[in-house]
2 protein chains.
Amino acid sequence: MDSIDIRILKLLESNARMTASEISGIVRLSVPACSERLKKLESSGVIKQYTTIIDNRYLKKTMTAMMFVSLERPRFTDKFVEAVNAEGDVLECHYLAGDFDYLLKIVTENTDTLERLLNRIKSVQGVQKTRTIVVLSTVKNNYSVSLGDGTDA
Amino acid sequence: MDSIDIRILKLLESNARMTASEISGIVRLSVPACSERLKKLESSGVIKQYTTIIDNRYLKKTMTAMMFVSLERPRFTDKFVEAVNAEGDVLECHYLAGDFDYLLKIVTENTDTLERLLNRIKSVQGVQKTRTIVVLSTVKNNYSVSLGDGTDA
DNA sequence: CTTGAAACGCGAGAATC
DNA sequence: GATTCTCGCGTTTCAAG
C-alpha cells in the first residue's frame, strides 16, 4: 500500500465504475500495472465492496432517525441482531459502550413507518428501553474514511 | 421506475462494477435495453454515486465513535459545518431534533486520535457541549436502503 | 421492447526492455 | 516497473422489426 494505491482507492471511491485505463491515465501508470494493483487491492480485502448509492428520495424514504436500544440481558442479543438484520430500513446497528446497548440508524418513509418500525423493535424479546431521535437534516454523509490527497500515507 | 429498474439497482448495489451485459443476462433484457435503463437511472439522479468501500482495518482506522454536539446559537452553524467537513475522520454529521444539535459518526485510529479530534471539535467556536460514545462493534452497516426482492414496488 | 451488425475501446496475456 | 502486440469481450450506436 503506497501512495499510488491510495490515489487509486481515492479515484474508485469517487467513482467505482472507473476503468483501469482511465485510472492509469490519471495516476500515470501503465494499464497493466494499474490492473495488477487493482486486483491486489480487491483480493487482499482492502477493497471491501463496489457499491451504488441510491438517492433515498426516489425510494420515498426521506426520513432518518437514530434509535437507541437497551436489552435486558446479553442472552437476548442473537434474537435482536436477527431482528435488526431483517429490517430493511435499519441501515446501521452499532453495539455501544454506554448507557444504551445499541444505536440504530434508520431511513424510512415517514412517521407512520417509523412508528411501526419502533413498535416492531420494541416487541423484540429482551428489548427493555428505546430512545428515538429524529434527524432533521444530514450535513455530511461519507461512506468510507477520507484518504487524503495521496501525498502522504 | 418499474420492478426491472429495482432489480438493476439491487445488482449494482451489490457490485457497482457489474457490466451492462452481465446485468442483461440476469434481468433477461437485451444489452441495449439495459444500457439505456442504466443511463436513465444515472442521469435522473436515482443513482447518486458509484463508490468503493474500503476496509478501515487496512487504513488502521479501527475505532468508531458517536459524538453528540450542541452549539450555543444557530449563528455558529456555518463555522461548525465547515469544521466538520474538514475532518476526514468524521464520516457523518446529522442535525438533530432533540437535546443535542448534532450527531457525528467518527472512524479513527485509536483513543489518541479520537481525543485530539474531540479537542478540535470542542475548540470550534460556539460548541457548548459534547458527549462521545464509543462503538464496541458494528452489527450491521448498509450504505443504502434495502430494495427488497424486486417483486413489488 | 427485440435482434443483428459495425466500430470503438477496454482488459488480459505474453514477450520484451 | 514500461511497452507493444494480439485476442476476446463489452459498449455504443445504428438499423430494422
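Our structure is the block above this text.
Residues numbered from 1 in each chain as written. Chains lettered and ligands numbered in written order. Predicted model: local features only at pLDDT ≥ 70, side-chain atom pairs only at ≥ 80, totals over all residues. Heavy atoms only, no water.

This part covers the pattern of salt bridges. Counting across every chain of the model gives 18 salt bridges over all chains. Ionic pairing is found between B:Asp2 and B:Arg37, a salt bridge with its closest N-O pair at 2.9 Å. One end of the pair, B:Asp2, is in the segment before α1 (3-14); the other, B:Arg37, is in helix α3 (residues 31-43), and 35 residues separate them in sequence. A residue is classified by how much of its surface remains accessible, and B:Asp2, at 32% relative accessible area, is partly exposed. In this structure, B:Lys61 engages B:Asp89 in a salt bridge whose closest nitrogen and oxygen atoms are separated by 2.5 Å. Pair noted here: B:Lys61 is in the loop between β1 (47-54) and β2 (63-71) and B:Asp89 is in the loop between α4 (77-86) and β3 (90-97), with a separation of 28 residues, a long-range link. By relative accessible area, which is 13% here, B:Lys61 ends up buried. Connected via shared salt-bridge partners are A:Glu92, A:Lys105, B:Glu92 and B:Lys105. (Salt bridge = Lys/Arg side-chain N within 4 Å of Asp/Glu carboxyl O. Helix = DSSP H or I, 4+ residues; strand = E, 2+ residues; numbered from the N terminus. Buried < 20%, exposed > 50% of the residue type's maximum accessible area, 1.4 Å probe, protein only.)

What follows concerns the packing of helix α2 (residues 20-27) of chain A against helix α3 (residues 31-43) of chain A. Residue and element names in this part refer to chain A. For the pair α2 and α3, the least separation of the axes is 8 Å and the interaxial angle reads 110°. Comparing the axis directions of α2 and α3 gives the class roughly perpendicular. Residues Ala20, Ser21, Ile23, Ser24 and Val27 of α2 touch α3, and the partners they reach there are Val31, Cys34, Ser35 and Leu38. Of the residues that constitute the contact of α2 with α3, the class distribution is 6 nonpolar, 3 polar and no charged. (Axes fitted to C-alpha atoms, helices over the stretch in contact; angles between N-to-C directions. Parallel < 35°, antiparallel > 145°, perpendicular 65-115°, else oblique. Contact = heavy atoms within 4.5 Å. Nonpolar A, V, L, I, M, F, W, Y, C, P; charged D, E, K, R; others polar.)

This next bit is on the interface of chain B and chain A. Contact residues are listed per partner, giving 62 residues for chain B and 62 residues for chain A. In total, chain B and chain A occlude about 6,000 Å² of area from one another, counting both sides; carbon and sulfur atoms represent 59% of this. For chain B, the biggest contributors to the area lost against chain A are B:Arg17, B:Lys140 and B:Val145; these three give 13% of the whole. Our count for the contact surface shared by chain B and chain A stands at 2 salt bridges. Close ionic contact of A:Lys105 with B:Glu92 constitutes a salt bridge, the shortest N to O distance being 2.9 Å. Summed over the shared surface of chain B and chain A, the result is 47 residue pairs in polar contact (both at pLDDT 80 or more). Elements supplying a minimum of two residues to the side of chain B that touches chain A: α1, β1, β2, α4, β3, β4 (102-108) and β5 (127-141) of chain B. With 9 residues, the top contributor of residues to the side of chain B that touches chain A is β5(B). A class-by-class count of the residues in the side of chain B that touches chain A yields 34 nonpolar, 18 polar and 10 charged. As paired strands, strand β5 (residues 127-141) of chain A and β3(B) are joined by 6 bridges and run antiparallel to one another. Bridge assignment links A:Val135 to a residue of β3(B), and that residue is B:Leu96. (Buried area = accessible area lost by both parts, 1.4 Å probe. Polar contact = N/O pair within 3.5 Å; in protein donor to acceptor, adjacent residues only side chain to side chain. Pairing = 2+ DSSP bridges.)

The analysis is restricted to geometry; functional conclusions fall outside its scope.
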